[in-house]
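Residues per chain, in single letters:
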Amino acid sequence: MTDTKRPEADAEVPAAAGGNGATGRRGTGTSRSRGAARSILPPIVMGFLVVGFWYFVSYGLLDAERRFLLRPPHQVVQVGFLEWDNFSEMLSGLWNSTKIALIGLVISIILGFILATIMSQAKIAERAFFPYLVMLQAIPILAIIPLIQFWWGSGDPIWDYPVINVLNSRVIVCVIISIFPIIVNTLFGLQSADRGMHDLFTLHHANRFTRLRKLMYPAAMPAIFAGLRISAGLSVIGAIVGDFFLGRGEVGIGQLLRKYANNLQGEELLAAVILSSALGVAVFLFFEWLERATIGKWHDTDHTI
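Counting of residues starts from 1 at the beginning of each chain's written sequence and follows it residue by residue. Per-residue local features are limited, in this predicted model, to residues with pLDDT of at least 70; the limit for side-chain atom pairs, both in listing and counting, is 80 or more; totals at the level of whole chains, interfaces and linings are taken over all residues. Based on all heavy atoms of the structure, the side-chain values leave hydrogens and waters out of the count.

## A closer look at the overall build of the protein
Helix and strand assignments follow DSSP, with helices taken as H or I runs no shorter than four residues and strands as E runs no shorter than two, numbered in order from the N terminus. Tallying secondary structure elements over the protein gives 10 helices and 2 strands in all. Start at the N end of the protein and walk to the C end: the helices and strands fall as α-α-α-α-α-β-β-α-α-α-α-α. Each of the 305 residues in the protein was classed as buried or not, and the buried ones make up 36%. Whether two residues are in contact is decided by their heavy atoms: any pair within 4.5 Å suffices. In the protein, the share of contacts with a sequence separation of at least 24, taken over all contacts with a separation of at least 6, comes to 67%. Per-residue accessibility takes into account occlusion by the displayed protein chains alone, with areas from the Shrake-Rupley method and a 1.4 Å probe. Only carbon and sulfur atoms are counted for the fraction: they give 67% of the accessible area of the protein, which is about 18,500 Å². Note on exposure labels: buried denotes an accessible area under 20% of the residue type's maximum, exposed denotes more than 50%, and partly exposed covers the range between, all computed with a 1.4 Å probe on protein chains only.

Quick look at the structure:
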């Protein structure tokens, strides 16, 4: 009797296991759906709240005579985005500012990596450079724009290449604004490599280059990408600020912002502000995607709260 019951009991085990597997798969799909909802719904809800508050200010707090101070959203969309003449002008200005921001960001990345690497290898270099880097970050950029314009010009490039123009005043403004986070985060990452791993490399008589390539830079990658995300947004700000105050050369989004503000073109002004913000968000998301693609397999890159 006992022997005849064992196969039946054993036969029930796979079925139960299969049931648990199906339940597990359903649970995983449900958890992913909930995670996606938690990631997508909060910004959507917040966007509706911002638009609602925008309408409230436009129609509830401002009378008709002062509504030019904050045009309602549907007028901004209609005039700024749906009228092709206005929208094409903004796209052209946005592209010119994007080129300046990208050139400045590339120069900041190169200089930042070089300075951070030098400071990580010699404490005396860190003590020599770091106070002046802090001073450079603390200087109000508007106070030195006249000097930048005097030395670097306002529109014509110093070096002219077939595809890009580099080292004009707007690029210099981008570099000054965006270089500090790259240096600080890269230096912090290089100095945060595990001390035990340093001892292991010393035991194997590894030289400085090998230590940098195989230990310090891999350990610094999360901090480096954090600095890149910050500096990418700052380079966009630098391009717009430089274009706004220098006001020469190729017309960028900063010059359009000044023109719209001077002419009290509220719809175009707000549309240009939205496009500028979208550019900053786009470069931030690009570096976040690049971080996930580069180090996401071995480092937790989830920045959500």
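## A few points about the packing of aromatic side chains
Describing an aromatic ring pair means giving the distance of the ring centres and the angle of the ring planes. Within 6.5 Å between ring centres, the rings of Phe, Tyr and Trp (the latter by its six-membered ring) count as paired, and their orientation is classed by plane angle as stacked under 30 degrees, edge-to-face over 60, tilted in between. Within the structure shown, the criterion is met by 10 aromatic pairs. With a centroid separation of 6.2 Å and an interplanar angle of 10 degrees, the aromatic rings of Tyr55 and Tyr59 are classed as stacked. A residue pair is termed a helical-turn pair when its members lie 3 or 4 positions apart in one helix, as Tyr55 and Tyr59 do in helix 1 (residues 2–61) at 4 residues. Relative accessible area serves as the criterion here: at 30%, Tyr55 is assigned to the partly exposed category. Pairwise contacts between aromatic rings join Phe81, Trp84 and Phe87 into one cluster.

## Concerning the environment of Gln265
Within the secondary structure, Gln265 is located in the loop between helix 9 (253–262) and helix 10 (266–295). Judged by relative accessible area, Gln265 falls into the partly exposed class, the value being 22%. In this structure the C-alpha to C-alpha distance between Gln265 and Val79, which are 186 residues apart in sequence, comes to 9.8 Å.

## Here we look at a nonpolar patch on the surface
A grouping of Ile40, Leu41, Ile44, Val45, Met46, Phe48, Leu49 and Val50 is seen on the molecular surface, where their side chains present a nonpolar patch of about 800 Å² in accessible area. Take Leu41: its relative accessible area is 48%, and that puts it in the partly exposed class. Within this analysis, patches are made of residues with over 30% relative accessible area and no salt bridge. Like charges are joined at 9 Å or less; nonpolar side chains (Val, Leu, Ile, Met, Phe, Trp, Tyr) at 5 Å or less. Within this document, salt bridges are pairs made up of a side-chain nitrogen of Lys or Arg and a carboxyl oxygen of Asp or Glu, the two lying within 4 Å of each other.

## Thoughts on the environment of Thr98
When you line up the elements, Thr98 lands in helix 3 (residues 84–121). A relative accessible area of 14% means that Thr98 is categorised as buried. Separated by 138 residues in the primary sequence, Thr98 and Val236 place their C-alpha atoms 7.1 Å from one another.

## Re the packing of helix 4 (residues 123–138) against helix 6 (residues 169–191)
Their axes nearest at 10 Å, the elements helix 4 and helix 6 cross at an angle of 150 degrees. For the element pair helix 4 and helix 6, the recorded crossing hand is left-handed. In this structure, helix 4 uses Lys123, Glu126, Phe130, Leu133, Val134, Leu136 and Gln137 to contact helix 6, whose residues at the interface are Ile176, Ile177, Ile179, Phe180, Ile183, Val184, Leu187 and Gln191. Three residue categories are used. Nonpolar comprises Ala, Val, Leu, Ile, Met, Phe, Trp, Tyr, Cys and Pro, charged comprises Asp, Glu, Lys and Arg, and polar comprises the others, including Gly. Considering only residue class, the contact of helix 4 with helix 6 consists of 11 nonpolar, 2 polar and 2 charged. Between N-to-C directions, angles cover 0 to 180 degrees, with each direction set by a line fitted to C-alpha atoms, over the stretch in contact for helices. Take the far helix as the reference: if the near one is turned anticlockwise from it by less than a right angle, the crossing is left-handed, and if turned clockwise, right-handed.

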